[in-house]
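# Per-entry structural report
Each chain is listed here by its residues.
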Amino acid sequence: MKKVLLAILSLVMACGIGIAAVGCADNTSSDATGTIIVVSREDGSGTRSAFIELTGIETDEDGDRTISSAMITNSTNMVLTTVADAVNAIGYVSMGSLNDQVKALSVDGVAATADNVLAGTYKLARPFNIAYKTGTTNEIRDDFIKYIYSDQGQAIVTQENYIAIPEGDDQRTGSYTSPGNLSGSITVGGSSSVSPLMEKLIEAYEALNSGVTINLQTSDSTAGMSGAAEGTFDIGMASRDLRETELANLTGMAIAQDGIAVVVNPSNSLSDIEMTMICNIYIGQVTTWEQVKGESAE
Amino acid sequence: MTEEVLQDGKEIKRQIKVDPKELIMKIVFIIAAVVFIAAVVTICVFIFVQAVPALKEIGLFNFLFSSEWDPDVEGTGGGSYGIATMIVGSIYITAGALIVGVPIGFLTAVFMARYCPRPLYKVMKPMTNILAGIPSIVYGYFGVRVIVPFIRDTFGGYGYSILSASLVLGIMILPTIISVSENAIRAVPKSYYEGALALGATKERAIFRTEVPAAKSGIVTSIILGLGRVIGETMAVVMLCGNQTEFPDSILDGVRTMTANIVLELGYAEGLHRGALIATAAVLFVFILIITLLVSLIRKKAK
């Protein structure tokens, strides 16, 4: 009896490990065929907002036309994970968040690189904005913003593969020196696309100003702006242009430019996609990879 | 305090001393009960006060039976708020998780209570406790990395589906079902089992025909606790169910549950949109209320 039990148990465990192993294995062998798995972001996401505007998924008459069968994920990382795991998936993420588990497509023949965004040839680009409540003052906040626009701060922007504010621009503040007497804490919150860059900026800033603590809270652009307006955040982050309703009581400014990369699984043979095709996929007019590749080949 | 006592037909009055410790403890218990009731009432009031204006504006019928969910994020006016797809999603995933979790959980409980050899029990008991302590985000991540690719490769489709979410949530409710059911079965007096054996029943018959019916109330409770956890589960579900606002055609399609809808959008929702999300919470609340009522009805009938 006990031996039988033991045998059953070990069999079950082996099965479990087997499933786990299959699940974790890389499916990099076959090319993408069949139904496209369309991955999008939640409605409040700045990446989504910028993406649907730039690709024409959003029109003045019909609003956001993203098909309702598109999978909705609530963070940049979930998009990356999904696309890295599913051969048939297509998604979009901030260019600076790209990793080697996914493949960025070139759009209309232009590769998704920082240089092309700066040159203006890569069309899927948007600003990274920060905003604070108009009319408020905060010594630490102002010094931190000064740091972001300094040579050191913008060097971090470039280093993280985003596009810095060009040198000689009015906003640039030159070389940064710490006032040395600041202490206290502020909270920065908002877009999950701006967050990775902000984290690096905060890290570097805190190293220069040991008395200052900056808390970073990540959600999405709309939450960042409403948080800044309500006073929850001293600085809000948005990965899209600010809306008129938001500008009523916020002062906004761009700290960098970012491209949006259209990503597919590395084993997908597709390497270039047209802007109209992106739109057609996301509004559900094109549903299979055969259609996408067929039209690209023509 | 005075008390009238009849003694030998005569009425005499006697003083009874109240222990101050007893009085203090009594107050402590009352305070605990009041805090608990206050918490429940506050949450109810909070949800319904915020939900009612939004429901009025959207219309209850529209809200419950429209499948069009298109919130007005830009603040330009308009937008439609119908949660029919999410109600269906919640029901499907809850049912799916119960189909997965209840048989496994129940049979494991029987095994652990009556069949399990001592050394194995010493391993299994802590295992169920560990399973109970794993945070739901970890279950979600496990689902995303293991279950979802497995489903996608085996059955096709997105992978992020009712099936994946049901499987993971089914695993998630196992510890609840196992430990509550096991305790219920163990609480059945030994004499039931012995009596059944004495009448010539086999071990299986004695367990499933006498002990399990006697422990029915406890087993039903375990299922209800599991159900409550599934319908209210948020973090793991939002990672696994795909979150589409569409009616699913099969269990390989994605859905959005009510909880997922709230957590996806509450962060930035304003005005009517926020009201609609709170109203979603109110609907969820009513759902749980209905389930609780149904169960108490079933139990009354069973008695």
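Rules behind the numbers
Within every chain, residues take consecutive numbers counted from 1 along the sequence as written. All chains are assigned letters beginning at A, and all ligands numbers beginning at 1, according to the order in which they are written. With pLDDT at 70 or above as the cut-off, local features in this predicted model cover only qualifying residues; side-chain atom pairs require 80 or more to be listed or tallied, and sums for whole chains, interfaces and linings still use all residues. In computing side-chain properties, one takes all heavy atoms of the structure into account and sets aside hydrogens as well as water. The way it works is that DSSP assigns letters per residue, a run of H or I at least four long becomes a helix, a run of E at least two long becomes a strand, and they are numbered from the N terminus. The buried label applies to any residue whose accessible area, calculated with a 1.4 Å probe on protein chains only, is under 20% of its type's maximum; exposed applies above 50%, and partly exposed to all values in between. Note on contacts: a residue pair qualifies if any of its non-hydrogen atoms lie within 4.5 Å across the two residues. In this description, accessible areas are obtained by the Shrake-Rupley approach with a 1.4 Å probe, and a residue is regarded as covered only by the protein chains that are shown. Those domain boundaries reflect an automatic or database domain assignment. The buried area of a pairing is the accessible area, by a 1.4 Å probe, that goes missing from both parts when the two are put together, added over both. Within this document, salt bridges are pairs made up of a side-chain nitrogen of Lys or Arg and a carboxyl oxygen of Asp or Glu, the two lying within 4 Å of each other. Side-chain atoms alone can form a polar contact between residues adjacent in sequence; in general such a contact is a pair of N or O atoms within 3.5 Å, and within protein one must be able to donate a hydrogen while the other accepts it. Residues were grouped as follows: Ala, Val, Leu, Ile, Met, Phe, Trp, Tyr, Cys and Pro as nonpolar; Asp, Glu, Lys and Arg as charged; and all remaining residues, including Gly, as polar. For this analysis, a nonpolar core means a set of buried residues of the types Ala, Val, Leu, Ile, Met, Phe, Trp, Tyr and Cys, connected via side-chain atoms within 4.5 Å. To get an axis, a line is fitted to the C-alpha atoms, and for a helix only the part in contact is used. The angle between two axes follows their N-to-C directions and goes from 0 to 180 degrees. Geometric relationships in this document are graded by angle, where less than 35 degrees denotes roughly parallel, more than 145 denotes roughly antiparallel, 65 to 115 denotes roughly perpendicular, and other angles denote oblique. Helix crossings fall into two classes, left-handed where the near helix is turned counterclockwise from the far one by less than a right angle and right-handed where it is turned clockwise. Stacked, tilted and edge-to-face are the three classes assigned to paired rings of Phe, Tyr and Trp, where Trp is represented by its six-membered ring and a pair needs centres within 6.5 Å; plane angles under 30 degrees give stacked, over 60 edge-to-face, the rest tilted. Over a ring means this: the NZ of a Lys or the CZ of an Arg is within 6 Å of the ring centre and within 35 degrees of the ring normal.

The next point concerns the overall build of chain B. Broken down by element type, chain B carries 12 helices and four strands. For chain B, the spread of C-alpha atoms along the principal axes amounts to about 85 × 55 × 35 Å. The burial tally for chain B puts 42% of its 303 residues in the buried class. Considering only intrachain contacts with a sequence separation of at least 6, the fraction spanning at least 24 residues in chain B is 66%. Accessible area for chain B stands at about 16300 Å²; split by element, carbon and sulfur atoms hold 68% of it.

Let us now look at the environment of B:Phe61. Residues and elements named next belong to chain B. Here Phe61 shows up in helix H2 (residues 60-65). Phe61 sits in the exposed class, given a relative accessible area of 65%. Taking the C-alpha atoms as reference points, Phe61 and Gly82, separated by 21 residues in sequence, lie 9.0 Å from one another.

A few words now on the domain arrangement of chain A. All names here are of chain A. The domain architecture assigned to chain A consists of domain 1 (31-125 + 261-297) and domain 2 (126-258). With 18 residues of domain 1 at the interface, the matching set in domain 2 holds 15 residues. Summing both sides of the interface, domain 1 and domain 2 together bury roughly 1300 Å²; the carbon and sulfur share of this comes to 51%. Seen at the junction of domain 1 and domain 2, the total is zero salt bridges. Scanning the region where domain 1 abuts domain 2 turns up five residue pairs in polar contact (both at pLDDT 80 or more). Breaking the side of domain 1 that touches domain 2 down by element, the ones donating at least two residues are helix H2 (46-55) and helix H4 (114-119). A total of four residues in the side of domain 1 that touches domain 2 trace back to one element, the largest contributor, which is H2. A per-class count over the side of domain 1 that touches domain 2 returns seven nonpolar, nine polar and two charged.

Looking now at the nonpolar core. Counting residues in hydrophobic clusters, the biggest one holds 101 residues, and the most contacted among them are A:Phe51, A:Ile90, A:Leu124, A:Ile273, A:Ile278, A:Ile281 and A:Tyr282. Among the elements that take part in this core, helix H12 (residues 271-302) of chain B stands out by supplying nine residues, more than any other. Excluding residues within four positions of it along the chain, A:Tyr282 makes contact with A:Val38, A:Val39, A:Ser40, A:Phe51, A:Ile57, A:Arg65, A:Thr66, A:Ile67, A:Ile90, A:Gly91 and A:Tyr92. Formed by 31 residues, the second largest nonpolar core is a distinct cluster that contains A:Tyr147, A:Ala164, A:Ile165 and A:Leu201.

This next bit is on the interface of chain B and chain A. Listed by partner, the interface residues are 29 residues for chain B and 32 residues for chain A. Taking both partners together, chain B and chain A bury about 2800 Å²; carbon and sulfur atoms supply 61% of that area. For the interface between chain B and chain A, the tally reads one salt bridge. Linking chain B with chain A are eight residue pairs in polar contact (both at pLDDT 80 or more), by the criterion used here. Residue assignment for the side of chain B that touches chain A shows that the elements contributing at least two residues are helix H5 (136-155), helix H10 (235-240) and helix H11 (258-265) of chain B. Ranked by residue count, the leading element in the side of chain B that touches chain A is H5(B), at seven residues. In terms of residue class, the side of chain B that touches chain A is made up of 15 nonpolar, six polar and eight charged.

Put simply, helix H3 (residues 76-85) of chain A and H5(B) touch, their axes get as near as 11 Å, and they point 40 degrees apart. With respect to each other, H3(A) and H5(B) are oriented oblique. Viewed along their axes, H3(A) and H5(B) form a crossing whose handedness is right-handed. In this structure, H3(A) contributes A:Met78, A:Thr81 and A:Asp85 to the contact, and H5(B) contributes B:Val144, B:Arg145, B:Pro149 and B:Arg152. Here the residues of the contact of H3(A) with H5(B) sort into three nonpolar, one polar and three charged.

Another aspect to go through is the side chain of A:Asn88. Residues and elements named next belong to chain A. Structurally, Asn88 is set in the loop between H3 and strand S5 (89-94). Given a relative accessible area of 18%, Asn88 falls into the buried group. For Asn88, the side chain forms a polar contact with the main-chain oxygen of Thr35, separated by 3.3 Å. If we skip the residues at most four places from it in the chain, Asn88 touches Ala32, Thr33, Gly34, Thr35, Ile36, Ile37 and Trp289.

Let us look at the packing of aromatic side chains. This model, assessed by the stated rule, comprises 12 aromatic pairs over all chains. The interplanar angle of 10 degrees and the centroid separation of 3.8 Å between the aromatic rings of A:Phe51 and A:Tyr92 together place this pair among those described as stacked. Linking A:Phe51 in helix H2 with A:Tyr92 in strand S5, this pair joins segments that are 41 residues apart in sequence. A:Tyr92 shares its class with A:Phe51; the two are buried. Taking NZ or CZ as reference, A:Arg141 lies 3.9 Å from the ring centre of A:Tyr132, over its face. Above the face of the B:Tyr115 ring, B:Lys203 is positioned so that its terminal group lies 4.5 Å from the ring centre.

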